[in-house]
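# A structural walkthrough
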Amino acid sequence: MSNSRIAAIDVGNDALKANFGKLEHSLYIPNVVARDMEDRPVIGIEELDEKDPLDNLHIRVHSPALQENNAIYRVGNLATKTTNSTELDPGSYKSEEDQTLIMLFASLALDTVSGKDAKSSKNNVIDANYTLGTGLPLREVKEGKDVGYRSQLLGSVHQVEFLVTPKYQGMKVNIKFDEVKVYPEGFAAYVNLVMDNDLNIINKELIDKQILIQDIGGLSTDIAVIRNRNVDDDKAQGFNLGVSESLEMIRDEILTKHGVELDSRRDVVDIITRKNDRHHIMVKGSRTNVHDITDRILLELAKKQYRYLRNVWQKNSQSEICYFVGGGSAVLKEYIKTLNNRLDGFNIDFFEDENESIWMMANAYYKLISDYIRKNTKEPKKQEQKAASSK
Ligand SMILES: Nc1ncnc2c1ncn2[C@@H]1O[C@H](COP(=O)(O)OP(=O)(O)OP(=O)(O)O)[C@@H](O)[C@H]1O
Ligand SMILES: [Mg+2]
């Protein structure tokens with residue numbers, strides 16, 4: 001276990017967020033993959049090496065855990081540029097999709113090779129050992145899907161081979177897990193709220209209260225109910241609605257009305273959240289207001305999200321506060337606050353820094369898995385000491 005590296009990974013429907021090692025490395029990769037039917041033509045290596053590997057993830061994955069073994073994929077930004085890319089379907093099970101594993105393995109392999117000087121390594125195969133903390137939606141944990149998911153990961157070696165990826169082309173990483181912990185997402189958010197990196201309680205006020213956590217993601221919204229320092233499985237609710245759809249609608253309307261084609265949903269997020277020139281775009285060189293479009297669509301979504309909150313709060317009337325997390329909360333913050341002031345006046349709170357909302361799960365998994373390692377590395381030492389002193 002000594003050379004096992006920590007990985008805390010949130011495979012979000014919209015994007016994977018990962019923390020590695022002593023937190024010296026992290027990765028954010030859009031959760032998009034595209035299956036390649038044949039090898040991409042190799043372009044000039046010099047030209048390729050100028051590019052960022054993160055924008056050109058092109059891999060072959062061998063793993064018995066996959067339904068489709070040995071297939072070639074474009075992952076993340078590279079996949080968004082193809083027409084056959086797939087994003088996770090709202091109704092699907094994260095734990096049963098190859099896509100979840102492809103994303104997970106790609107991020108681990110990228111972490112491994114980015115720590116090495118690719119050119120100087122003669123041996124193209126690297127063995128990498130990880131201790132993984134990750135999560136699944138509450139709904140899947142409730143159904144016991146975490147058990148199979150975990151044993152699939154633990155049970156074999158998973159190989160990622162970099163194909164036409166700058167700097168790492170031709171490298172193979174054999175990923176082996178020394179331990180895998182699968183946490184329920186809502187609980188992880190709670191841990192992050194009340195505990196620091198050493199799992200010391202940082203929020204005494206909150207720890208014994210009944211609280212709600214509404215996580216608005218890309219494709220889904222989960223509301224966890226925390227009571228007696230635990231997630232109340234029966235009360236938690238999941239909805240198949242996130243912000244991606246609304247971002248896509250805004251993009252479409254901007255195209256129809258102004259003839260401007262934004263590259264991605266990311267661009268829409270930028271337009272509605274940036275500090276300067278918010279809700280404006282450039283049309284043929286003129287600064288143009290798109291507030292009418294963004295306002296209408298986001299308000300509509302905020303109303304739906306507010307209905308979810310009302311509904312859950314009604315069934316859990318003794319809740320003291322609801323925290324809004326996830327990237328969607330950052331986008332809808334002002335709209336939900338305004339609605340709440342006009343309507344029920346619930347005690348709700350948002351995070352100042354949107355990165356904190358987005359990284360909530362990955363940071364929580366990091367805390368949980370680090371704590372697990374601390375607790376489990378002490379014991380062998382004690383045994384060694386015992387063995388030594390008894391000699
Ligand atoms: N810095 C940001 N500010 C505002 N919104 C953002 C930011 N980064 C991402 N988003 C948007 O927030 C949405 C949700 O992101 P988030 O990472 O919380 O989803 P996810 O966890 O991947 O999805 P899910 O929870 O459904 O599995 C995305 O549509 C994304 O475009
Ligand atoms: Mg999420």
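Quick caveat: nothing in here was measured; it's all calculated off a predicted structure.

Looking now at the overall build of the protein. Scanning the protein from terminus to terminus reveals 13 helices and 17 strands. Projected onto its principal axes, the C-alpha positions of the protein cover 70 × 60 × 35 Å. Each of the 391 residues in the protein was classed as buried or not, and the buried ones make up 53%. Placing the 52 positive and 60 negative side-chain charges of the protein at their respective mean positions leaves the two points 4 Å apart.

Spatially, nine strands are ordered β3-β2-β1-β7-β9-β8-β5-β6-β4 in an open sheet, and the strand pairing comes out mixed. Every interior strand has two partners, whereas the edge strands, β3 (25-30) and β4 (33-36), have only one. Recorded for the sheet is a direction-independent mean angle of 30 degrees between the axes of neighbouring strands. Note that strand β1 (residues 5-11) and strand β7 (residues 125-136) share five bridges and pair parallel. Bridge pairing in β7 places Ala 8 opposite Gly 133.

Put simply, the protein has an average pLDDT of 89, and 90% of its residues get 70 or more. Scored below 50 in pLDDT, residues 386-391 shows zero contacts in the model against residues more than four places distant or in partner chains.

Bringing the site of ligand 1 into the picture now. If you check the shell around ligand 1, you find 23 residues, and the closest are Asn 13, Asp 14, Lys 17, Arg 266 and Gly 327. Note that an oxygen atom of ligand 1 is positioned 2.6 Å from one of the backbone N or O atoms of Asn 13. Note that an oxygen atom of ligand 1 is positioned 2.9 Å from one of the backbone N or O atoms of Ala 15. For ligand 1, whose unbound accessible area comes to 650 Å², protein coverage reaches 94%. Contributions of two or more residues to the shell around ligand 1 are made by β2 (15-20), α8 (244-258), α9 (265-273), α11 (327-342) and α12 (354-358). Here the shell around ligand 1 gets four residues from one element, more than from any other, and that element is α11. When the residues that make up the shell around ligand 1 are grouped by side-chain class, the tally is nine nonpolar, nine polar and five charged.

Thresholds applied
- Residues numbered from 1 in each chain as written.
- Chains lettered and ligands numbered in written order.
- Predicted model: local features only at pLDDT ≥ 70, side-chain atom pairs only at ≥ 80, totals over all residues.
- Heavy atoms only, no water.
- Helix = DSSP H or I, 4+ residues; strand = E, 2+ residues; numbered from the N terminus.
- Buried < 20%, exposed > 50% of the residue type's maximum accessible area, 1.4 Å probe, protein only.
- Lys, Arg positive; Asp, Glu negative; His and termini not counted.
- Charge placed at Lys NZ, Arg CZ, Asp CG, Glu CD.
- Pairing = 2+ DSSP bridges.
- Axes fitted to C-alpha atoms, helices over the stretch in contact; angles between N-to-C directions.
- pLDDT = per-residue confidence, 0-100.
- Contact = heavy atoms within 4.5 Å.
- Near = heavy atom within 4 Å.
- Polar contact = N/O pair within 3.5 Å; in protein donor to acceptor, adjacent residues only side chain to side chain.
- Areas by Shrake-Rupley, 256 points an atom, 1.4 Å probe, with all protein chains shown as cover.
- Nonpolar A, V, L, I, M, F, W, Y, C, P; charged D, E, K, R; others polar.

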